[in-house]
Amino acid sequence: IFLKSTLHVDSIFYYSLISVIEIMRGLPHAFFQSKKLFNWINFFLGFRSLLQIIIITFLFKFGYNDLESIISGLLIGSFILIVMEYSLFLNKTLRIFLNKESINYLILNKYIKFNIVTFSSTSIKALHQHLDKLIIGYFFSVNLVGIYATLKKITSPIIFFAAPLQLIYYPKIIEWNKK
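The rules behind each value
- Residues numbered from 1 in each chain as written.
- Predicted model: local features only at pLDDT ≥ 70, side-chain atom pairs only at ≥ 80, totals over all residues.
- Heavy atoms only, no water.
- Helix = DSSP H or I, 4+ residues; strand = E, 2+ residues; numbered from the N terminus.
- Buried < 20%, exposed > 50% of the residue type's maximum accessible area, 1.4 Å probe, protein only.
- Contact = heavy atoms within 4.5 Å.
- Core = buried A, V, L, I, M, F, W, Y, C linked by side-chain atoms within 4.5 Å.
- pLDDT = per-residue confidence, 0-100.
- Phe/Tyr/Trp six-rings, centres within 6.5 Å; stacked < 30°, edge-to-face > 60°.
- Patch = residues over 30% accessible without salt bridge, like charges linked within 9 Å, V, L, I, M, F, W, Y side chains within 5 Å.
- Areas by Shrake-Rupley, 256 points an atom, 1.4 Å probe, with all protein chains shown as cover.
- Salt bridge = Lys/Arg side-chain N within 4 Å of Asp/Glu carboxyl O.
- Polar contact = N/O pair within 3.5 Å; in protein donor to acceptor, adjacent residues only side chain to side chain.
- Axes fitted to C-alpha atoms, helices over the stretch in contact; angles between N-to-C directions.
- Nonpolar A, V, L, I, M, F, W, Y, C, P; charged D, E, K, R; others polar.

(A) Summary view of the overall build of the protein. Across its full length, the protein holds seven helices and zero strands. Secondary structure elements of the protein, listed N to C terminal, follow the sequence α-α-α-α-α-α-α. Looking at the 179 residues of the protein, the share that counts as buried comes to 20%. A sequence separation of at least 24 residues applies to 69% of the contacts in the protein between residues at least 6 apart.

See the structure below:
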């Protein structure tokens, strides 16, 4: 959206760091799920929310209420959380290696391939979903992107009514064209 302006480059950079951290959290979460450590996952999710609320409240209290400060607060909270998650993850995996538990490399290979395909398809889907906004933001103003996105959200439920009508009336339209 901000391709023509360098005003928000820092914000986009910080937000992309948060996205990378969130993607990196997938490895410990997958491991915790495989070991049925759901309580740890829930703890980390709750702790992250609490930590980010505390950091943002602290920033607002001291007058840092701009976008960069909020994103910096989210980045600090995400970084603290990923350090905690990887600490527990490495602790658990080192115990596996020290106890000489066997690793099934065939399953590990399948898991890595699955993650590559999933990440690629998710990235392409995200680009597909937001490409229209990026193009409008490049050629027009950011305000127009906001108006467009709002109108698109408001009018998107129309498809739920239009799709069944298309299925109902399509055979009738074919019959009319045959006559």
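Still to come is the rest of the account.
(B) Structural context of the side chain of Q52. Note on placement: Q52 falls in helix α3 (residues 38-61). Among residues more than four places away in sequence, those in contact with Q52 are L74, G77 and S78.

(C) Just the nonpolar core, in detail. If you look at the biggest cluster of nonpolar residues, it comprises eight residues: F31, F32, L37, I41, F44, L81, L88 and F89. Sorting the residues of this core by element identifies α2 (26-34), α3 and α4 (67-98) as the ones contributing at least two each. With three residues, the top contributor of residues to this core is α4. Once you skip the residues sitting within four places of it in the chain, L88 turns out to touch F32, W40 and F44. Grouped together as the second largest cluster of nonpolar side chains are five residues, I18, I21, I71 and L75 included.

(D) A look at the confidence of the model for the protein. When pLDDT is averaged across the protein, the result is 77; 85% of the residues are at 70 or more. Ranking the elements of the protein by mean pLDDT puts helix α1 (residues 9-24) last with 69 and α3 first with 86.

(E) Local environment of the packing of aromatic side chains. Counted according to the given criterion, the structure contains seven aromatic pairs. Residues F43 and F47 carry aromatic rings whose centres are separated by 5.7 Å and whose planes lie at 20° to one another, so their mutual orientation is stacked. In this pair, F43 and F47 are both assigned in helix α3, four residues apart and thus about one turn of the helix distant. By relative accessible area, F43 is classed as partly exposed at 40%. On the accessibility criterion, F47 (26% relative accessible area) is partly exposed.

(F) Up close: a nonpolar patch on the surface. The grouping of L127, L131, L134, I135, Y138, F139, F140, L144, I147, L151 and I154 at the surface amounts to a nonpolar patch, some 1100 Å² of accessible area in total. Listing elements by their share of the nonpolar patch, those giving two or more residues are α5 (105-139) and α6 (142-155). At six residues, α5 tops the list of elements feeding residues into the nonpolar patch. Given a relative accessible area of 36%, L144 falls into the partly exposed group.

(G) Structural context of the environment of S87. One can find S87 in helix α4. Sequence separation of S87 and P28 is 59 residues, and the distance between their C-alpha atoms is 9.5 Å. Polar side-chain contacts of S87 include one of 2.7 Å to the backbone oxygen of V83.

(H) Region of the structure containing the packing of α2 against α3. One can describe the packing of α2 onto α3 by two numbers: an axis separation of 8 Å at closest approach and a directional angle of 145°. Across the interface between the two elements, H29, F32 and Q33 from α2 touch F38, I41, F44 and L45 from α3. Among the residues forming the contact of α2 with α3, the class breakdown is five nonpolar, two polar and no charged.

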